[in-house]
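Breakdown of the fold
Spelled out, the chains give:
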Amino acid sequence: MKNNVYLDNAATTLIKPRAVAAAMKNAVGTLASPGRGGHAASMRAAEIAFDCRELAAQLFNVSDPSNVIFTSNATHGLNIAVKALAKRGSRVLVSGYEHNSVMRPLRAAGAELIIARSELFEPESAVFEFERRLDAGGIDLVVTTAMSNVFGFILPVERVAALCRERGVPLIIDASQSAGSLPLDFDALGADFIAMPGHKGLYGPQGTGLLLCRDYTDGIIQGGSGSNSLSDTMPDFLPDGLEAGTHNMPGIAGLREGLKFVLSRGVAQIGAHAARLISIARRELASVPGVTVFGSDRAQGGVLSFTLENLGCEDIAERLNERGIAVRAGLHCAPEAHRTAGTISRGTVRASVSAFNTERDIAKLISVVKRLQKF
Amino acid sequence: MLNYLLICRSVTYAQRTARALDRTGITAVVTRTPKELTIDGCSYCVRIPGRHMTEALVAIKNAGLPPARVFAQSENGLFGEFSDEE
């Protein structure tokens, strides 16, 4: 079954700018290992990698491109961040919308988790909860997503970051869903780490991610870095300290093209397009009897969850797939978000859009859901 | 022709240095550091023409990118460490 309508962009953006695949194809056979040699193929790879860092630094306002680290996905970056800042017994304050890529590393680190559970699509409620918990004292670290991967709820990260800065509490931001569709200013936020995938809103290939970080060099893997090679330990400078081993050059070359696409189209325009499509879907689905839509006309990005009264979420996704529409059902690796929203027992169906979706895609989704609800 | 080598701790640092120099109109080439000039093992350096040395030092100082060490390379290929204070 071919998916003519792809609405699972919160998992990965399947449709990419054409230049992404072309750059990856070109990379195989022309780009060697950056920072590992002086020959043309190595230096060419180093140029592509550096250019990719500079584009990311431009997009996210990172003053030094050395603080842009290549990872294999957002989870990889979040693991580096969590292990740098959360120790056994650390008291870590998280939002009520975190993904397992945050929760599992924190639990593995032995951190004590405090959840700032807040109302869905209510930024003020989130700020209130974060502030209340921070003012109670004893918080060693804050971790928050910028946008819920289940509901598209845009959390007020600028205000949470300000609360952290005022109190000197380190902050990790999971920008998995927001990077590329919402503004993100690393220097202004003052976060210690911001992790993101390269393969979602940045339109790079799978197997790529970015970690924006302050000067932390205590990584989770050690190995060759192409620098300080006489030393038994990893370099104490970035990006080398956090980038052991050979780089994914086809991935980085593709990500570079994805970043160019986002920069040329503009984050504001991409975000507005996503919000408009989701707004149509929200309005139309809400008008169908028996459909519950989790949405709001404010603080919602390009992700929408819904359920049907007469059909389980996995059945809905399966039937949509049979009609060429790709969505995701279940808990979306974010049980905490479902606990917060009260959807943990049934899960939801999630439709998520990208810059390549159209109103026609949304119309097809609505049309099929209407038919499903009838039977 | 005399060249100068700005020894950098990593390829990324060398690239940042080269970009900063490029922005001021100085042609700079990133290359491997000759083995005899390395202290900590492998590294990269930025090669610049001798005639641009003074302005290059100003440019990288303004960019906050001091090199680990600086060497002059004479026409016969020999290296001599350069000190700004000399």
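By convention here, each chain's residues receive numbers from 1 onward along its written sequence. Throughout, the order in which chains and ligands are written sets their labels, letters from A for the former and numbers from 1 for the latter. Restriction of local features to residues with pLDDT of at least 70 applies here, the model being predicted, together with a cutoff of 80 or more for giving and counting side-chain atom pairs; totals for whole chains, interfaces and linings are based on all residues.

**Things to note about the overall build of chain B**
Looking only at helices and strands, chain B has two helices and five strands in total. Strands here mean DSSP runs of E at least two residues long; helices mean DSSP runs of H or I at least four residues long; both are numbered from the N terminus. Its helices and strands taken in sequence order, chain B reads β-α-β-β-α-β-β from the N to the C terminus. Atoms counted for the radius of gyration: C-alpha only. Globule rule: 2.2 Å times the number of residues to the power 0.38. Over its C-alpha trace chain B gives a radius of gyration of 12 Å, about what one expects of a compact globule, namely 12 Å for 86 residues. If one aligns the C-alpha atoms of chain B with their principal axes, the spans along those axes are about 30 × 25 × 25 Å. Counting across all 86 residues of chain B, residues that qualify as buried make up 37%. By definition, residues are in contact whenever their C-beta atoms, placed on the basis of the backbone, come within 7 Å of each other. Within chain B, counting contacts between residues at least 6 apart in sequence, those at least 24 apart form 68% of the total. To sort residues by burial, count the other C-beta atoms lying within 10 Å of each one's C-beta; a count of 20 or more means buried, 12 or fewer means exposed, and anything in between means partly exposed. C-beta atoms are built from the backbone.

**A closer look at the packing of helix H9 (residues 267-286) of chain A against helix H12 (residues 359-374) of chain A**
All names here are of chain A. Two elements in contact, H9 and H12, have axes whose closest approach is 10 Å; the angle formed by their N-to-C orientations is 20 degrees. The angle between H9 and H12 falls in the class roughly parallel. Between H9 and H12 lies a crossing of right-handed hand. Taken together, the residues of H12 that come into contact with H9 (itself represented by Leu277, Ile280, Ala281, Glu284 and Leu285) are Glu359, Ile362, Leu365, Ile366 and Val369. Basically, the charged four are Asp, Glu, Lys and Arg, the nonpolar ten are Ala, Val, Leu, Ile, Met, Phe, Trp, Tyr, Cys and Pro, and anything else, Gly included, counts as polar. Residue composition of the contact of H9 with H12, by class: eight nonpolar, no polar and two charged. Think of each axis as a best-fit line through the C-alpha atoms, taken over the contacting stretch in the case of a helix, with angles from 0 to 180 degrees between the N-to-C directions. When an angle is under 35 degrees it counts as roughly parallel; over 145 it counts as roughly antiparallel; between 65 and 115 it counts as roughly perpendicular; any other value is oblique. Here a crossing is called left-handed whenever its near helix is offset anticlockwise from the far helix by less than a right angle, and right-handed whenever the offset is clockwise.

**With respect to the interface of chain B and chain A**
Counting residues at the interface gives 14 residues for chain B and 17 residues for chain A. Going through the elements one at a time, helix H1 (11-23) and strand E2 (29-32) of chain B are the ones with two or more residues in the side of chain B that touches chain A. Per-element tally for the side of chain B that touches chain A: the top contributor is H1(B), with five residues. Residues belonging to the side of chain B that touches chain A are distributed by class as follows: four nonpolar, six polar and four charged.

**Focus on the packing of H1(B) against helix H2 (residues 53-62) of chain B**
Any two packed helices are characterised by how steeply their axes cross, that is the angle between the axes, and by the distance between the axes. Residue and element names in this part refer to chain B. Where H1 contacts H2, the two axes come as close as 9 Å, and the packing angle between them is 115 degrees. Our pair here, H1 against H2, has a crossing hand that is right-handed. Contacts between H1 and H2 involve Thr17, Ala20 and Leu21 on the former and, on the latter, Ala56, Ala59 and Ile60. Tallied by class, the residues present in the contact of H1 with H2 amount to five nonpolar, one polar and no charged.

**Digging into the pairing of strand E3 (residues 91-95) of chain A**
All names here are of chain A. With four of its five residues buried, E3 lies for the most part within the structure. Any two strands between which DSSP finds at least two bridges are classified as paired. In terms of strand pairing, E3 meets strand E4 (residues 112-116) through five bridges, oriented parallel. Paired with Ser95 across the two strands is Ala116, which belongs to E4. Crossover E3 to E4 through helix H4 (residues 100-108) is right-handed. Whether a crossover is right-handed comes down to one check: with the strands pointing away from the viewer, does the path from the first strand over the helix to the second run clockwise; if it does, it is right-handed.

**Structural notes on the domain arrangement of chain A**
Residues and elements named next belong to chain A. Segmentation into domains, and thus their bounds, comes from an automatic or database assignment. Along its sequence, chain A is carved into domain 1 (5-15 + 266-374) and domain 2 (18-265). Each of domain 1 and domain 2 was reduced to a C-alpha centroid, and the two centroids are 26 Å apart. Every contact between the two is made by 32 residues of domain 1 and, on the other side, 32 residues of domain 2. Going through the elements one at a time, H9, strand E10 (303-308), helix H11 (335-341) and strand E13 (348-352) are the ones with two or more residues in the side of domain 1 that touches domain 2. Ranked by the residues each element gives to the side of domain 1 that touches domain 2, the list is headed by H9, at six residues. Residue classes in the side of domain 1 that touches domain 2 are distributed as 14 nonpolar, 15 polar and three charged.

**Overview of helix H1 (residues 18-27) of chain A**
Think of an α-helix as turning once every 3.6 residues; residues three or four places apart then point the same way. Residues and elements named next belong to chain A. For H1, the set of buried residues is Val20, Ala23, Met24 and Ala27. Across the axial projection of H1, the buried residues extend over an arc of 100 degrees, all falling on one side. Among the residues trailing H1, Gly29 stands out with phi positive, at a value near 100 degrees. This arc describes the spread of directions from the helix axis toward the C-beta atoms.

**Side note on the sheet that holds E3(A)**
Strand pairing in a sheet relies on backbone hydrogen bonds. The paired strands run either parallel or antiparallel. All names here are of chain A. Strands sit in the order E2-E8-E7-E6-E5-E3-E4 across an open sheet of seven strands; the sheet is mixed. Each edge of the open sheet carries a strand with a single partner, namely strand E2 (68-71) and E4. Averaged over all neighbouring strand pairs, the angle between strand axes comes to 20 degrees, with direction disregarded. Note that strand E7 (residues 193-197) and strand E8 (residues 209-213) share five bridges and pair antiparallel. The partner of Pro197 across the bridge, within E8, is Gly209.

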